[in-house]
Amino acid sequence: MTSTHTTTRQHTVVDSPYGPLTLVATDGVLSGLYMTGQRHRPPEENFGEPDPRPFTEAIRQLDAYFRGELREFDLPLHLDGTPFQRSVWEQLRQIPYGRTRSYGELAENLGKPGASRAVGLANGKNPVGIIVPCHRVIGASGSLTGYGGGLDRKQRLLAFENGAGDDTPTLF
């Protein structure tokens, strides 16, 4: 007997200090967090029906994060990507709040020291920004390179996590 399961997608839009965030769920599990104007943002018609119900806990945790009360998200995620992309996204989840890693460091952690460019491409396709903290990845020189949500947002997120009004990320 073959499965006839149909994938259900829902979405909602929430306000944040970084602009509206579109949350997407696949079969009731968070599968997307997209900013306005974000590079690699899927078309709106892929987000499914508007329905805030699957997002109660994600919204609660995001609110706590933006109030400075939550440093680590604890949410089930449905991340669609290649095995390599998923391994990069898992590495992103290991970067502590307020810290940064370079693309090269992530490649080393994956046992692929020459793959910093591929790590950067996978990082840019992260479907769940902020919660999977791709904003914590910087260039080898400490420069704020590439961010699907825009360098201004990346700079502001890093400054926020450092509890500072300045734009200097804490390097680990």
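Placed above this text is the structure.
The shown structure was predicted, so the numbers you read here are calculated from the model rather than taken from an experiment.

Novice: Explanation requested: empty space enclosed by the protein in the structure shown.
Specialist: Vacant regions in the atomic arrangement are exposed by a probe of water-molecule size rolled over the atoms. In the structure shown here, the tally under the stated rule is one cavity of 30 Å³ or more. A volume near 40 Å³ is recorded for the largest cavity. Along the walls of the largest cavity sit V14, D15, L21, I59, L62, D63 and F66, which together make up its complete lining. Top contributing element to the lining of the largest cavity by residue count: helix α1 (residues 56-66), with four residues.

Novice: Even after reading the chapter, I still don't get the sheet that holds strand β4 (residues 49-50), so can you show me in this structure?
Specialist: Strands belonging to one sheet form pairs held by backbone hydrogen bonds; the direction of such a pair is parallel or antiparallel. Taken in spatial order, the four strands of this open sheet run β3-β2-β1-β4, and their pairing is mixed. Looking along the sheet, the strands with just one partner apiece sit at the ends: β3 (29-35) and β4. Across the sheet, α1 is in contact with β1 (9-14), β2 (21-26) and β3; its angle to β2 comes to roughly 145°.

Novice: Teacher, can you tell me more about the packing of aromatic side chains here?
Specialist: The geometry of an aromatic ring pair is captured by the separation of the ring centres together with the interplanar angle, meaning the angle of the planes. Across all of its chains, the model carries six aromatic pairs by this definition. Between the aromatic rings of Y65 and F66, the centroid separation amounts to 5.2 Å while the plane-to-plane angle is 65°, which identifies the pairing as edge-to-face. The class of F66 is buried, set by a relative accessible area of 15%. Here Y65 and F160 contribute two aromatic rings whose centre-to-centre distance is 5.4 Å and whose plane-to-plane angle is 70°, an arrangement assigned as edge-to-face. Highlighted residues: Y65 in helix α1 and F160 in helix α5 (residues 151-161), separated in sequence by 95 residues. A relative accessible area of 24% places F160 in the partly exposed class. By the ring-pair criterion, three or more aromatic residues cluster together here, those being Y18, Y65, F66, F73, Y97 and F160.

Novice: Sorry, what's going on with the layout of surface pockets here?
Specialist: Considered as a void within the structure, the largest pocket measures approximately 260 Å³ in volume. Along the wall of the largest pocket there are 16 residues; nearest its centre are S31, Y34, P42, D80 and P127. For the lining of the largest pocket, the secondary structure elements donating two or more residues are β2, β3 and α2 (83-92). Considering only residue class, the lining of the largest pocket consists of six nonpolar, seven polar and three charged.

Novice: I keep staring at α5 and nothing clicks. Help me out?
Specialist: In an α-helix, one turn spans 3.6 residues, which is why side chains three or four residues apart end up on the same side. Restricting attention to buried positions, one finds in α5 the residues R153, K154, L157, L158, A159 and E161. Tucked into the core, α5 has its buried residues touching β3, α1, α3 (103-109) and β6 (137-138). Backbone geometry just after α5 places G163 at a positive phi near 65°.

Cut-offs used in this document
Residues numbered from 1 in each chain as written. Predicted model: local features only at pLDDT ≥ 70, side-chain atom pairs only at ≥ 80, totals over all residues. Heavy atoms only, no water. 1 Å grid on protein atoms, 1.4 Å probe; cavity = no way out; pocket = protein on both sides within 12 Å on 5 of 7 lines; lining within 4 Å. Points joined across faces, edges and corners; volume = space filled by probe spheres on them. Helix = DSSP H or I, 4+ residues; strand = E, 2+ residues; numbered from the N terminus. Pairing = 2+ DSSP bridges. Contact = heavy atoms within 4.5 Å. Axes fitted to C-alpha atoms, helices over the stretch in contact; angles between N-to-C directions. Phe/Tyr/Trp six-rings, centres within 6.5 Å; stacked < 30°, edge-to-face > 60°. Buried < 20%, exposed > 50% of the residue type's maximum accessible area, 1.4 Å probe, protein only. Nonpolar A, V, L, I, M, F, W, Y, C, P; charged D, E, K, R; others polar.

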